[in-house]
Amino acid sequence: MGVDKIPPQAHDYPRKTKRIFMATKDLIVTKSNELISANYKLSLNEQRLMLIALSKVDSRGVAQREFEVTGQEFSQLTGVSTKDSYDQLYKAASKLFEREISWVEGDDEVRLHLAAQVKLSRNREGRVKLRWTEEIMPYIGELQSRFTSYKLKHALSLSSAYSIRIFEMLMQFKTTKS
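So, here is what we can say about the structure in this document. (Residues numbered from 1 in each chain as written. Predicted model: local features only at pLDDT ≥ 70, side-chain atom pairs only at ≥ 80, totals over all residues. Heavy atoms only, no water.)

Some thoughts on the packing of helix H4 (residues 71-78) against helix H5 (residues 82-98)
Contact pair H4 / H5: the axes reach a minimum separation of 8 Å and the direction vectors enclose 110 degrees. In terms of their interaxial angle, H4 and H5 are classed as roughly perpendicular. Every pair of crossing elements has a handedness; the one defined by H4 and H5 is right-handed. Along the contact surface, H4 presents Gly71, Gln72, Phe74 and Ser75, while H5 presents Thr82, Ser85, Tyr86, Gln88 and Leu89. (Axes fitted to C-alpha atoms, helices over the stretch in contact; angles between N-to-C directions. Helix = DSSP H or I, 4+ residues; strand = E, 2+ residues; numbered from the N terminus. Parallel < 35°, antiparallel > 145°, perpendicular 65-115°, else oblique. Left-handed = near helix turned anticlockwise from the far one by under 90°. Contact = heavy atoms within 4.5 Å.)

The structure is reproduced here in C-alpha cells:
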C-alpha cells in the first residue's frame, strides 16, 4: 500500500503523538492505588484534566490544593486544537467538579468528590482553576506507600477514557505485581 493510499488520520497521528511527547517532557502522574482502583466515570477530557493537574502535585510532599490549567497548556499537552481547547477545558472542569468517586472500605462504601471548587475565567482568558477536596488530599499527596507513578505523556497519548483506566491498572500491577 503506497503512502498516498494511507488515510489522512494515519498521517496526523504521529505528529500529534510527537507534539504530546514534546510538550509533556517528563511530567509524572502519581496516585494512590486506592484512587486508581476506585469507581468513577470520567470523560476523556475530564481524565486528561485530572492527570494534568496530578502531574503538578508533589506526591511525596504536602500536595497543592489548587491548580490552574490554561487552554493553551491543555492544547499543547493533549493535542486538541487551540481553537477547541478552551471549550473542551471549560466543559471538562465543570463536569469534573460534579463527579464523585467511590470505593469499598470493609463494610462501608466511601463516596467523595474530586474538586471542591472550580473557577472559570469569565473574560475568556482560557484558564480554569480547580481546588481538590480535603478528602482527596491523602490519595494524591504525602504518599509513602501503595501508590503508582507513570509518565503523563503515556496516558495522554491514549484515545479513550477506558484505555487510560486500563493503562493505570496495568501500571499499578507492574508496580505491585499483584
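Still to come is the rest of the account.
Here we look at the sheet that holds strand S2 (residues 66-70)
If you trace the three strands from one edge of the open sheet to the other, you get S2-S6-S5, paired in antiparallel fashion. Across the chains shown, the open sheet's two edge strands, defined by having one partner strand only, are S2 and strand S5 (115-120). Averaged over all pairs of adjacent strands, the angle between strand axes in this sheet comes to 20 degrees, irrespective of strand direction. Two elements, S2 and strand S6 (residues 127-132), share five bridges in a ladder whose sense is antiparallel. In the strand pairing of S6, Glu68 is matched with Lys129. (Pairing = 2+ DSSP bridges.)

Section: the packing of aromatic side chains
Scanning the entire structure with this criterion turns up three aromatic pairs. With centroids separated by 4.9 Å and ring planes inclined at 70 degrees, the aromatic side chains of Trp103 and Tyr139 adopt a geometry described as edge-to-face. In this pair, Trp103 sits in strand S3 (residues 100-105) while Tyr139 sits in the loop between S6 and strand S7 (147-151), placing the two residues 36 residues apart along the sequence. Considered together, Trp103 and Tyr139 belong to a single accessibility category, that of buried residues. Both rings, one in Tyr150 and one in Phe167, keep their centres 5.1 Å apart while their planes meet at 85 degrees; by these two values the pair is edge-to-face. Of this pair, Tyr150 sits in strand S7 while Phe167 sits in helix H7 (residues 161-176), and the two are 17 residues apart along the sequence. The pair formed by Tyr150 and Phe167 is uniform in burial state, with each residue classed as buried. Taking NZ or CZ as reference, Arg165 lies 3.9 Å from the ring centre of Tyr40, over its face. (Phe/Tyr/Trp six-rings, centres within 6.5 Å; stacked < 30°, edge-to-face > 60°. Buried < 20%, exposed > 50% of the residue type's maximum accessible area, 1.4 Å probe, protein only. Lys NZ or Arg CZ within 6 Å of the ring centre and 35° of its normal.)

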